[in-house]
Amino acid sequence: MSNETNTLTKDTSIKKKDVHLKSITIDDEIYYQISNNDAMRPFFMSIVSDSNHWMFISSNGGLTAGRKNSEYALFPYYTDDKITESADITGNKSIFKVYKAVSYTHLTLPTTPYV
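Rules behind the numbers
- Residues numbered from 1 in each chain as written.
- Predicted model: local features only at pLDDT ≥ 70, side-chain atom pairs only at ≥ 80, totals over all residues.
- Heavy atoms only, no water.
- Helix = DSSP H or I, 4+ residues; strand = E, 2+ residues; numbered from the N terminus.
- Contact = heavy atoms within 4.5 Å.
- Buried < 20%, exposed > 50% of the residue type's maximum accessible area, 1.4 Å probe, protein only.
- Pairing = 2+ DSSP bridges.
- Axes fitted to C-alpha atoms, helices over the stretch in contact; angles between N-to-C directions.
- Patch = residues over 30% accessible without salt bridge, like charges linked within 9 Å, V, L, I, M, F, W, Y side chains within 5 Å.
- Areas by Shrake-Rupley, 256 points an atom, 1.4 Å probe, with all protein chains shown as cover.
- Salt bridge = Lys/Arg side-chain N within 4 Å of Asp/Glu carboxyl O.

(A) Structural view of the side chain of Thr 64. Position of Thr 64 among the secondary structure elements: in strand β6 (residues 63-67). In this view, Thr 64 contacts Trp 54, Met 55, Phe 56, Ala 73, Phe 75, Pro 76, Tyr 77 and Ile 83; residues no more than four positions away in its chain are not counted.

(B) Up close: the environment of Lys 82. Considering the arrangement of structural elements, one finds Lys 82 in helix α1 (residues 80-85). When its relative accessible area of 42% is taken as the criterion, Lys 82 is described as partly exposed. The spacing of Lys 82 and Gly 62 is 20 residues in sequence and 8.7 Å in space, taken between C-alpha atoms.

(C) Broad picture of the sheet that holds strand β5 (residues 53-58). Pairing is antiparallel across the open sheet formed by three strands, whose spatial order is β4-β5-β6. A single partner strand is all that each edge strand has here, and the edge strands are β4 (44-47) and β6. The sheet shows a mean angle of 10 degrees between the axes of neighbouring strands, direction not considered. As judged from the five bridges shared by β5 and β6, these two strands associate in the antiparallel manner. For His 53, the partnering residue across the bridge sits in β6 and is Arg 67.

(D) How the structure looks around a nonpolar patch on the surface. A contiguous nonpolar surface patch, about 360 Å² in accessible area, is contributed by Leu 21, Ile 30, Tyr 32 and Ile 34. Among the elements that line the nonpolar patch, the one with the most residues is strand β3 (residues 29-35), at three residues. Turning to its location among the elements, Tyr 32 is positioned in strand β3. Exposure remark for Tyr 32: the relative accessible area of 52% places this residue in the exposed category.

Shown next, in the form of structure tokens:
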């Protein structure tokens, strides 16, 4: 597979960002990189396994997962819109306190829009 780039654009309320989908190869494995994914609406993914495990995850971090069926869910088993809305309680959260100078500190939440 070639390193071909497909470009999608989306207007945001802050500024216009171009969203790029690109295939990259690392150690002979092909991966896909989405640049400026924060300019996109959240999207939903189904993660599959060769056993009884399942996971549904939103690109903003909300998720549900389990084994066998919905009765064995680790997190509440909801529809995709509810999973996307539950990112603050079921997903990952990264908070960084960055010291840029002696008197300047910046707190950032990279997966939180407009913070």
